[in-house]
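Chains, contacts and geometry: an overview
This is what each chain is made of:
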Amino acid sequence: MISLKLKAKNEKLRHKAQNLKLCVLSFSFALCALHFTLCNAFADTISSSELINNAKQYDGKNVTYEGEVIGDIMARGQYCWLNINDGQGAIGIWIEKDLVKDILYTGGYKSKGDVVAVNGIFHRACLQHGGDLDIHAVSIRKIVPGDDIEESLDSGKKNYVITLLAVLFFIWILSLLKRR
Amino acid sequence: MILKPQTEDFKIIGYYLGRIILGLALTMVVPIIIGMAFKEINPTMDFLISIALTYIVGLILTTLCFTRKDLNWMQGMIVVSLSWLVATLLGAIPLFLSGHWKSYLDACFDAMSGFATTGLALVQDLDHLSYAHNIWRHLIMFIGGQGIVIVALSLFVKGFAGAFKMYVGEARDEKVLPNVISTSRFIWLVSIVYLILGTFALGVTGILNGMKPVNSFFHGACVFMAAFDTGGFTPQSQSILYYHSLTYEVITIIIMILGAINFKLHYHLWTGNFKEIFRNIETKSLFITVTITFFITAVGLYQLSTYPQALVLFRKGFYQLVSGHTGTGFMTVYARQFINEWGDLALVGIICAMALGGATCSTTGAIKMLRVGIIYKALQQDLKKIMLPDKAIVIKKLHHIKEVFLEDKQVRSALTITLAYLVLYGAGAIVGMLFGYPFLNSLFESTSAAANVGLSCGITNIGMPAALKLTYIIQMWAGRLEFMSVFVLAGIFVAAIRGK
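Computed from a predicted model, the values in this text were never measured in an experiment.

**What about the overall build of chain B?**
Each helix and strand counted, chain B has 21 helices and two strands in total. Against the compact-globule benchmark of 23 Å for 500 residues, chain B has a radius of gyration of 22 Å, which places it among compact chains. The buried share of chain B, taken over its 500 residues, is 58%. Partitioning the contacts of chain B with sequence separation of at least 6, the portion at a separation of at least 24 is 74%.

Structure (structure tokens):
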């Protein structure tokens, strides 16, 4: 009887240990999978020209696109439009407004925009947006922060201006004298 | 017998060319003000250098060639054709100095594209271009759309007989008002009133779309100038796709159509004669050709299932079509999508629309609606003549502001210019093919350049051969001036060599 009870207890303990083992294994696997997914979410970026030239091939697929945020961030309700230029072209990104809070700089004459990697679904002719070619972003990651561009006076240009204005003044005087 | 041009001819040409250059220099004040307002130091310097150089050239010409004599037809035409070339060379200086153009030839390409209201561009890194340079790109479209000579004419206090010759040389053979100077000023009045209204509409839309107010109104002004003058430049590299807005597309369609109708018709609309719009041969022709070319384009897009919904097909197809037909060149698709996704039939529809153009005495290029209407009426008349008895007299009338009888002179003129355009489109396509581009791509880009449209299927880029860039520059120039003044300029070279 006692031996039977012990046997049952041992069985229970073994079962529990097996369950624990399974849990640890599953957890480790889940961690690995998460790590793998996160790593791959921003891996293998595709250029704008690759996307535009092979739009049919990438249509509806999950893509990662990387580039500088340019112009305005245009808020539309809970979402907003970003335009991201990767140096070969610019593509519109439809993204939740909350996800772009970290974007502090957008590219223009006086600023270099934040460089970001965007992961999302590529649309060759987005039905939600009147047939536009766009990406509906799921996640965004800042890669290189933008900055203000300090502009300094080009002394060569300054010298040209002074010289040309002097020449212009001289010719203007000559023209007045000639007409008299 | 060809008469050799005399020194006096060159003197008169030089003097009036100088006056026009001085007028051009004045317009450079605008980007200087913008540059100072946005505290852009080096761009302001670029324009100070350019304005000084332009003034020097203008002053030297007006001083050395000073005359009180008026222009004759030949001189007027040459002044016009040369002024567009000189304006291109001078207008390209600030662009080149910005460092956003790879070479001076590229800057000249964009300057000619701007003045001729084409919209093909070779600018690099447009998204980082200064406000001053951006306003200049769009301002030259505004100047070119009204006509460089019109700008200069508006600045002359007193009119002179030769003004009409230059006005005609700039492909404006219709006077809105009896006097050319008052016509020029009316054109400016219309343009500036629409500029204010259009900028306001686009500016407010931009703000509602989430743009910053300053950017919104700046873009509004730039996009208006490019749309009304059927130019096609935009402040950002994505053209109209940048805005992701249906409202923006609708407003730009309205502005493009306003830019494509005759200033004479604007005058009648302003004076309350709304019936004219329904009776005028140009608006009728425009409606018919837009319908036909859109049908061709839509069938092409439908056949290839380019767009999955009819509404989406309409939005994309109609926008590109109106943009092409009015000669604007705004795009809501990427250049490569034309080739990769639109297919041959849809492209043919767009090419036909681009080749036809808008109204005469408007800011558009290409064959133009009045000529299309005249040729159609002449064809009708000839068919009737064949079908009716020999003794029957067939008279055709057309309504263009007033009822006019169709004359052989009009038909000949319409056919000559149409033929010249067709030759120009074809010649550019052949040059494109000589450089290895496929036929349809070459024809698309060539028609776009010669008809001053600006839609691109991707041939226009910094890597294209210099000879092709030059070909497109010549096409844009000849197409904008409608050949006559260009032919006269060529004629004077022949006369200088062979004349007596």
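**Some words on the overall build of chain A**
A tally of helices and strands in chain A yields four helices and seven strands. Going through the 180 residues of chain A one by one, you find that 28% of them count as buried.

**Here's the deal with unusual backbone geometry**
Residues and elements named next belong to chain B. Phi is positive for Thr230, close to 45°, though the residue is something other than glycine. By the secondary structure assignment, Thr230 is in the loop between helix H10 (213-228) and helix H11 (246-260). On the basis of neighbour count, Thr230 is assigned to the buried category, with 34 C-beta atoms found within 10 Å. Of note in the backbone geometry, Lys368 takes a positive phi value of approximately 85° without being a glycine. Take Lys368: it is sitting in the loop between helix H16 (335-356) and helix H17 (369-387). We classify Lys368 as buried; it has 30 C-beta atoms within 10 Å.

**Observations concerning the interface of chain A and chain B**
Contact residues are listed per partner, giving 41 residues for chain A and 43 residues for chain B. Those elements that provide at least two residues to the side of chain A that touches chain B are helix H2 (48-53), strand S1 (62-76), strand S2 (79-85), strand S3 (90-96), strand S6 (132-144) and helix H4 (155-179) of chain A. In terms of residue count, H4 of chain A provides more of the side of chain A that touches chain B than any other element does, 13 residues in total. Per-class residue counts for the side of chain A that touches chain B are 21 nonpolar, eleven polar and nine charged.

**Some details on H11 of chain B**
All names here are of chain B. In this model H11 runs 21 Å from its N-terminal to its C-terminal C-alpha over 15 residues, within 8% of the 21 Å that 1.5 Å per residue would give. Along H11, the residues that are buried comprise Tyr248, Glu249, Ile251, Thr252, Ile255, Met256, Ile257, Leu258, Gly259 and Ala260. Here the buried face of H11 lies against helix H9 (180-208), H10 and helix H15 (310-325).

**Section: the domain arrangement of chain B**
Residue and element names in this part refer to chain B. With domains assigned, chain B is organised as domain 1 (1-173 + 465-500) and domain 2 (178-463). With centres defined by C-alpha atoms, the gap from domain 1 to domain 2 works out at 24 Å. At the interface, 44 residues of domain 1 touch 44 residues of domain 2. Elements that contribute at least two residues to the side of domain 1 that touches domain 2 include exactly helix H5 (104-115), helix H6 (131-146), helix H7 (148-155), helix H8 (162-169) and helix H20 (466-481). Its residues assigned to classes, the side of domain 1 that touches domain 2 shows 22 nonpolar, 15 polar and seven charged.

**Here's the deal with the confidence of the model for chain A**
All names here are of chain A. Across chain A, pLDDT averages 84, with 76% of residues at or above 70. In the model of chain A, helix H1 (residues 2-41) stands out as the element of lowest mean pLDDT, 54, in contrast to S3, which has the highest, 96. Here residues 31-41 scores under 50 on pLDDT; set against residues more than four positions off or in separate chains, the count is three contacts.

**Quick look at the packing of H9 of chain B against H11 of chain B**
Residue and element names in this part refer to chain B. Axis separation between H9 and H11 bottoms out at 10 Å; the angle between their running directions is 170°. The orientation of H9 with respect to H11, classified from their angle, is roughly antiparallel. Where H9 abuts H11, its residues Tyr194, Gly198, Ala201, Leu202 and Thr205 lie against Thr247, Tyr248, Ile251, Ile255 and Leu258.

**What about the nonpolar core?**
Formed by 175 residues in total, the largest nonpolar core has its most connected members in Ile84 and Ile93 of chain A together with Ile21, Met112, Met225, Met354 and Trp477 of chain B. Tallying contributions element by element places helix H4 (residues 73-97) of chain B first for this core, with 14 residues. Beyond its immediate stretch of four places on either side in the chain, Ile21 of chain B contacts Thr54, Val57, Gly58, Leu61, Val86 and Leu90 of chain B.

**A closer look at H20 of chain B**
All names here are of chain B. Here H20 is 16 residues long and its end C-alpha atoms lie 23 Å apart, about the 22 Å a rise of 1.5 Å per residue gives. Among the 16 residues that make up H20, twelve are buried, leaving the element largely enclosed by the rest of the structure. For H20, the set of buried residues is Leu468, Lys469, Thr471, Tyr472, Ile473, Gln475, Met476, Trp477, Ala478, Gly479, Arg480 and Leu481. Buried residues along H20 sit against H4, H5, helix H18 (408-434), helix H19 (439-450) and helix H21 (484-498). Looking one or two places after H20, you find Glu482, whose phi comes out positive at around 55°.

What counts and what doesn't
- Residues numbered from 1 in each chain as written.
- Chains lettered and ligands numbered in written order.
- Predicted model: local features only at pLDDT ≥ 70, side-chain atom pairs only at ≥ 80, totals over all residues.
- Helix = DSSP H or I, 4+ residues; strand = E, 2+ residues; numbered from the N terminus.
- Rg over C-alpha atoms; globule rule 2.2 N^0.38 Å.
- Buried ≥ 20, exposed ≤ 12 C-beta atoms within 10 Å, placed from the backbone.
- Contact = placed C-beta atoms within 7 Å.
- Nonpolar A, V, L, I, M, F, W, Y, C, P; charged D, E, K, R; others polar.
- Expected span 1.5 Å × (residues − 1).
- Domains from an automatic or database assignment.
- pLDDT = per-residue confidence, 0-100.
- Axes fitted to C-alpha atoms, helices over the stretch in contact; angles between N-to-C directions.
- Parallel < 35°, antiparallel > 145°, perpendicular 65-115°, else oblique.
- Core = buried A, V, L, I, M, F, W, Y, C linked by C-beta atoms within 7 Å.

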